[in-house]
Amino acid sequence: MKKKWDGIERRELLRAEAEAMVESFSGSANAANPTEILVHELLVHKVELETQNEELRRAHAAMEEARDRYVDFYEFAPISYITINRNGLINTINLTGSVLLAAERAKLINHRFSAFVADSDRDHWHRQFMNMMEHEYSEPQKFRLEMVRTNGSKFDGHLDCLRKVTVDEPPVLRVALTDITQQKKPD
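Throughout what follows, the structure given in this document is the object of discussion. Quantities reported herein were computed from a predicted structural model and do not represent experimental measurements.

Ranked by internal contacts, the top residues of the largest apolar core, which has 24 residues, are Phe113, Trp125, Leu159, Leu173 and Leu177. Every element with two or more residues in this core is listed here: β1 (80-84), β2 (90-93), α5 (119-134), β3 (141-148), β4 (154-166) and β5 (169-179). Looking at this core, the element that brings in the most residues is α5, giving four residues.

If you want it as structure tokens, here you go:
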């Protein structure tokens, strides 16, 4: 309810500002001539629209800046972000993920994630995946898997997985994948 009143108050304030601006260069709107009243109303409306237009331009610029920050944050994060659909296919992956898996992003989209899990851990992945897609957990599920890049090289991966459910769409699994090979090597 507060939002509705905020919108009404905002429109009234905008109207008052426009009225003041128009009054300053067109004189009083209290003239008896209907044409002058109409011209006054049109000028007020024009000023309101110009003000709203300027506010929209500022909001649009702020949204573009926020989007650019998000893209930088997502694409160049130090860990891989992957979204896997209920069929086990990669829906989205950031640039870090495509580098980690040694493949072009376009070739990873709609590719089965399990193809990057080493044979020795594939059964473990399948059980974990099915469990996470069936049950909702409040905390990310964390586990390690041996992973295989497209070039055949292996690495130890740490996965933080969280099931995401949105309205009118099937659940997906959000995965943060990190290469922990260096952490596991003895000095």
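Next up on the list: helix α2 (residues 34-75). Taking 1.5 Å as the rise per residue, α2 with 42 residues should run 62 Å; its terminal C-alpha atoms sit 60 Å apart, in good agreement. Taken together, the buried positions of α2 are occupied by His40, Val44, Val47, Glu48, Tyr74 and Glu75. If you check the start of α2, you find a side-chain oxygen 3.0 Å away from the backbone N of Thr35, and it comes from Asn33.

Moving on, we come to the sheet that holds β3. Taken in spatial order, the five strands of this open sheet run β2-β1-β5-β4-β3, and their pairing is antiparallel. Two strands lie at the open edges of the sheet, namely β2 and β3, each paired on one side alone. Neighbour-to-neighbour, the strand axes of the sheet open up by a mean angle of 30 degrees, direction not taken into account. Sheet topology places β4 next to β5; nine bridges connect them, and they run antiparallel. Within the sheet, the bridge partner assigned to Asp160 lies in β5 and is Ala176. Running over the sheet, α5 touches β1, β3, β4 and β5 and is turned about 145 degrees from β3.

Quick notes on the rules
Residues numbered from 1 in each chain as written. Predicted model: local features only at pLDDT ≥ 70, side-chain atom pairs only at ≥ 80, totals over all residues. Heavy atoms only, no water. Core = buried A, V, L, I, M, F, W, Y, C linked by side-chain atoms within 4.5 Å. Buried < 20%, exposed > 50% of the residue type's maximum accessible area, 1.4 Å probe, protein only. Helix = DSSP H or I, 4+ residues; strand = E, 2+ residues; numbered from the N terminus. Expected span 1.5 Å × (residues − 1). Polar contact = N/O pair within 3.5 Å; in protein donor to acceptor, adjacent residues only side chain to side chain. Pairing = 2+ DSSP bridges. Axes fitted to C-alpha atoms, helices over the stretch in contact; angles between N-to-C directions. Contact = heavy atoms within 4.5 Å.

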